[in-house]
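Geometric and topological summary
Each chain is listed here by its residues.
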Amino acid sequence: MNSSTSSSFISSFQDDGFITTAAEPWFKVKVQLIQQYFHSFVTNVSGKVDDIVFVDLFSGSGLYSIGHKKELFAATCLASLQTDLPVSKWIFCEHSAENAQALKVRVNKYFRGKNVVIFDSKPDQVIDKFRSYVPQSKGSYKVAVFCVVDPFSIDIPFSTIDALNYLGF
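The sections below set out a description of the structure shown in this document. Please read all numbers here as calculations on a predicted model, not as lab measurements. (Residues numbered from 1 in each chain as written. Predicted model: local features only at pLDDT ≥ 70, side-chain atom pairs only at ≥ 80, totals over all residues. Heavy atoms only, no water.)

Considering the environment of Asp51
By the secondary structure assignment, Asp51 is in strand β2 (residues 51-56). In this structure Asp51 comes out as buried when scored by relative accessible area, which is 18%. C-alpha of Asp51 to C-alpha of Val134: the two residues are 83 residues apart in sequence and 9.5 Å apart in space. With residues near it in sequence (within four places) discarded, Asp51 still touches Ser88, Pro135, Tyr141, Lys142, Val143 and Ala144. (Helix = DSSP H or I, 4+ residues; strand = E, 2+ residues; numbered from the N terminus. Buried < 20%, exposed > 50% of the residue type's maximum accessible area, 1.4 Å probe, protein only. Contact = heavy atoms within 4.5 Å.)

Here's what the structure looks like:
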């Protein structure tokens, strides 16, 4: 991601004592690729829709660490908040209570002014909540949803993906 995509970009996060997820160096590239795709998606739909919603089904604690020096970098969820793109709402899901708590603290510390909802649940347990938190397209009112499904293991039921598709994700 280049500097033109975000004027409030946080280049590095400091160790705050909360949990981080260990990752290999290639994972940082993966997050950057997801961010480039997100930027392209938002750029393409901007002006064509009334609301853009970012959903991350496996948000983790928001930070990853690499190597023995524990270089910290933003997970997809926090990286999406660093942009100045016209996103109206972010919804993060994390089934681990410890990770969800760390994510809540980090969102409040770095991105207090953003419209963020964090669910401490597995994705298949919040489908009904999405109906309340994600506006639905109706008539001339259009909503675009960018949904990241990036678990460490492929353990998301197909029925969940089908339900998300039905909701327009």
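As for the state of the cysteines
Covalent bonding between the sulfur atoms of two cysteines is what defines a disulfide. A full pass over the atoms with the stated rule returns zero disulfides. Note on Cys93: no disulfide assigned, nearest cysteine sulfur contributed by Cys147 at a separation of 8.0 Å. Taking relative accessible area as the criterion, Cys93 reaches 0% and is therefore assigned buried. (Disulfide = S-S within 2.5 Å.)

Focus: the sheet that holds strand β3 (residues 63-66)
Reading across from one edge, β1-β3-β4 is the order of the three strands in this open sheet, with mixed pairing throughout. Of all strands in the sheet, those bounded by a partner on one side alone are β1 (21-22) and β4 (71-74). For β1 and β3, the ladder comprises two bridges, and the chain directions are parallel. Bridging from a neighbouring strand, Ala22 pairs with Ser65 of β3. Across the sheet, helix α1 (residues 25-45) touches β3 and β4, and the angle it forms with β4 is around 20 degrees. (Pairing = 2+ DSSP bridges. Axes fitted to C-alpha atoms, helices over the stretch in contact; angles between N-to-C directions.)

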